[in-house]
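Now for the letters of each chain:
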Amino acid sequence: MSGGEAKMVTNDTHRGIRMFDWALDNVHLLYKQDVGGDENFHLHAVNLSTDEVRDLTPFEGCRCDALMMSKNVPGSLLVGLNVRDKSVFDMHRIDLKEGTAQIDTENPGDVAQWVVDHEFRIRGCIATVQADGSKVLRVRDTVEGEWRKIAEWPHDETGGVHRFTKDGSGLFVETSIAHGKGENSDTARLIVISSKDGTETELIASDTRCDVDDVEFDDDEDVVEAVSFDYDRKVWKAISPSVKKDYEILAKEVKGTMTLTSKSSDNRKWILSDFSDEKSPRYCLFDRDAGAVSLLFLARPKLEPYTLAPMTSHVITVSDGEKMVAFLTLPPGVEPKGLPLVLVVHGGPWARDHWGWNPQAQWLANRGYAVLMVNFRASTGYGKRWLHLGDAQWGETMQQDLTDAVNWAVGEGYADKSRLAIFGGSYGGYATLAGLAFTPEVYCCGVDIVGPAHLRTLLQSVPAYWAPMKKMLTLRVGDVENDDALNEKASPFYHAKKVVRPLLIAQGANDPRVKQAESDQMVKAMHSVGTKVEYVLYADEGHGFARPCNRVDFYQRAEVFLSEHCKGRVGPAEPEHTEGNSAAVIDPASLA
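Procedures and definitions
- Residues numbered from 1 in each chain as written.
- Predicted model: local features only at pLDDT ≥ 70, side-chain atom pairs only at ≥ 80, totals over all residues.
- Heavy atoms only, no water.
- Phe/Tyr/Trp six-rings, centres within 6.5 Å; stacked < 30°, edge-to-face > 60°.
- Helix = DSSP H or I, 4+ residues; strand = E, 2+ residues; numbered from the N terminus.
- Buried < 20%, exposed > 50% of the residue type's maximum accessible area, 1.4 Å probe, protein only.
- Lys NZ or Arg CZ within 6 Å of the ring centre and 35° of its normal.
- Axes fitted to C-alpha atoms, helices over the stretch in contact; angles between N-to-C directions.
- Parallel < 35°, antiparallel > 145°, perpendicular 65-115°, else oblique.
- Contact = heavy atoms within 4.5 Å.
- Pairing = 2+ DSSP bridges.
- Core = buried A, V, L, I, M, F, W, Y, C linked by side-chain atoms within 4.5 Å.

A.B. asks: What exactly am I supposed to notice about the packing of aromatic side chains here?
C.D. replies: Geometry of an aromatic ring pair is reported as the spacing of the ring centres plus the angle between the planes. Evaluation of the coordinates by the stated rule reveals 22 aromatic pairs. Centroid distance Trp114 to Trp147: 6.2 Å. Interplanar angle 55°. Geometry classified as tilted. Here Trp114, found in strand 9 (residues 111-116), pairs with Trp147, found in the loop between strand 11 (135-139) and strand 12 (148-153); they are 33 residues apart in sequence, far enough to count as distant. Judged by relative accessible area, Trp114 falls into the buried class, the value being 9%. Relative accessible area serves as the criterion here: at 30%, Trp147 is assigned to the partly exposed category. Seen in terms of ring centroids, Phe275 and Tyr283 are 6.2 Å apart; in terms of plane orientation they differ by 85°. Their pairing is edge-to-face. Classification of Phe275 by relative accessible area gives partly exposed; the value is 25%. The ring of Phe164 has Arg123 sitting right over it, with the charged end atom 4.6 Å from the ring centre. The lysine or arginine in question, Arg163, covers the ring of Phe217, its NZ or CZ lying 4.0 Å from the ring centre.

Here it is in structure tokens:
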């Protein structure tokens with residue numbers, strides 16, 4: 001291979017490669033792949049000199065979780081594997097040259113995250129406490145040493161760890177607690193704490209409106225170069241004087257949301273992504289010595305001739321007086337009044353929406369819809385208070401935030417009250433079911449993708465490796481496994497008769513998180529009380545749809561459904577892009 005020539009180095013013709021990274025030995029490319037969406041990911045290595053592809057974790061029923069690399073030990077990887085016990089991940093050290101894996105550190109049963117020092121030795125971990133849902137940070141001075149607790153975060157506090165300082169005397173943590181200095185905060189700050197006793201030694205960055213977002217490190221010196229914050233749009237703040245000029249240049253050159261995706265070994269060249277709200281995402285090379293940004297490629301070059309839809313951020317006051325960040329995308333070339341609107345609800349729910357490039361928003365705006373996305377209570381990134389306002393509020397105030405959001409869009413004149421649709425996957429699918437069941441007067445239709453219908457059966461059927469976070473789930477969702485009244489109140493399954501608006505459900509048959517039984521039982525319950533539902537099952541998918549032919553098939557079905565009930569446009573049928581899909585339309589009567 002020479003010059004600008006490129007070659008294909010993998011040959012997955014079924015699901016495609018979605019997660020990959022460079023190994024630090026300059027010989028291998030790494031990627032993860034599962035089977036049919038079962039999320040039992042195996043780690044594969046491609047030798048770029050020989051084109052040999054090797055499964056580094058060839059253990060049946062095993063999932064590769066954490067993947068860690070270090071410039072100081074470029075021929076070695078650390079990966080979490082649940083070979084010994086399906087409920088926990090032991091750390092294994094993999095020799096890239098030989099392809100062998102040996103256990104490095106055994107999980108005592110409660111560890112959710114491991115932390116390596118500068119020499120690529122595991123010397124820290126975050127563990128969960130099942131009794132109360134708290135988290136603890138443990139360290140050891142050597143790999144043979146005893147573990148000791150140096151920090152603890154109760155369930156309603158925020159805490160996480162990035163890495164050790166270079167000399168091992170401290171750790172970089174995101175935290176809402178004081179650590180022996182000052183007072184607790186609502187938002188997560190980035191600080192350094194002593195690895196001896198957990199006391200704070202340095203405040204690096206904080207924002208009273210939102211948590212620390214991304215953190216960029218100098219990997220040679222293990223110091224923070226820059227930190228981003230994302231209230232309604234990501235903003236970078238240079239921390240190290242060595243990169244201050246670089247970030248000033250990038251602030252002028254990058255118009256969208258910037259993420260550093262890779263750095264040269266000498267840290268003089270950076271590869272970055274620039275995700276604009278109304279242009280194809282682009283990837284660029286930043287030469288720090290020249291102070292120049294040059295385009296490498298466009299991720300979606302075929303979009304260049306088209307006019308895409310801008311996204312605007314808004315702060316909405318909801319019915320109980322709280323403030324909520326929302327993002328609105330309007331179809332270009334159309335008067336923004338009285339439009340059909342699709343409320344797209346993010347999954348998690350402990351996640352969030354962002355300003356910038358969003359393919360679903362562009363697709364729907366192109367079909368004539370206003371698209372609204374909101375960071376309702378329980379969304380992450382806005383401090384512990386906003387996060388925990390959502391505890392045990394599924395179907396309650398979390399759902400009210402969504403109702404308030406569409407009412408805001410109607411009140412501002414953007415949306416036609418009679419043409420409001422709700423659409424979402426995972427938690428967003430639950431919110432769709434809840435929206436149609438608990439507020440049937442609000443939405444004219446809904447699209448549920450892999451959404452749970454029965455909260456008790458959801459928590460009873462989560463994957464074994466979710467065991468360390470089970471208490472957290474109970475505290476945040478509510479004790480639906482033991483509280484009959486709460487479970488029946490919050491689970492749409494028990495309110496199937498109230499779903500009188502059109503509903504489309506799409507499910508992956510191999511979903512390990514929200515199993516097919518969730519959708520089956522909702523469809524069965526609706527059929528039993530005489531309410532109608534369209535149900536599509538994808539035989540070779542899991543928690544969402546990865547295969548291109550299945551994705552296109554689903555979105556074509558969804559836009560026909562939305563057009564029928566909200567009167568948006570339907571794009572041209574593209575059977576060449578859906579050939580080989582696994583969709584099966586399920587007759588509700590067959591589940592009775």
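A.B. asks: What is the right way to look at the packing of helix 4 (residues 397-411) against helix 5 (residues 427-438) in this model?
C.D. replies: Relative orientation and spacing of two packed helices are given, respectively, by the angle between their axes and the distance between those axes. Relative orientation of the contacting elements helix 4 and helix 5 amounts to 75°, with a least axis distance of 11 Å. Relative to helix 5, the element helix 4 is oriented roughly perpendicular. Residues Met398, Gln399 and Leu402 of helix 4 pack against Tyr427, Ala431, Ala434 and Gly435 of helix 5.

A.B. asks: Can you help me understand the sheet that holds strand 20 (residues 257-263) in this one?
C.D. replies: Adjacent strands of a sheet pair through backbone hydrogen bonds, lying either parallel or antiparallel. Strand order across the open sheet formed by four strands is 20-21-22-23, with antiparallel pairing between neighbours. Looking along the sheet, the strands with just one partner apiece sit at the ends: strand 20 and strand 23 (292-298). Taking the axes of each pair of neighbouring strands and ignoring which way they run, one obtains an average angle of 30° across the sheet. In this structure, strand 21 (residues 269-275) lies alongside strand 22 (residues 282-287), joined through six bridges in antiparallel fashion. Residue pairing for strand 22: Trp270 is matched across the bridge by Phe286.

A.B. asks: Where do I start with the nonpolar core in this structure?
C.D. replies: A general feature of soluble globular proteins is that nonpolar side chains tend to end up buried together. One finds Leu343, Leu372, Phe423 and Phe554 to be the most contacted residues of the largest nonpolar core, which totals 105 residues. If sequence neighbours within four positions are ignored, Leu343 has contacts with Leu372, Val374, Leu402, Val406, Ala421, Ile422, Phe423 and Tyr443. Judged by nonpolar contacts, the second largest core, of 14 residues, contains Ile150, Trp153, Leu171 and Ile177.

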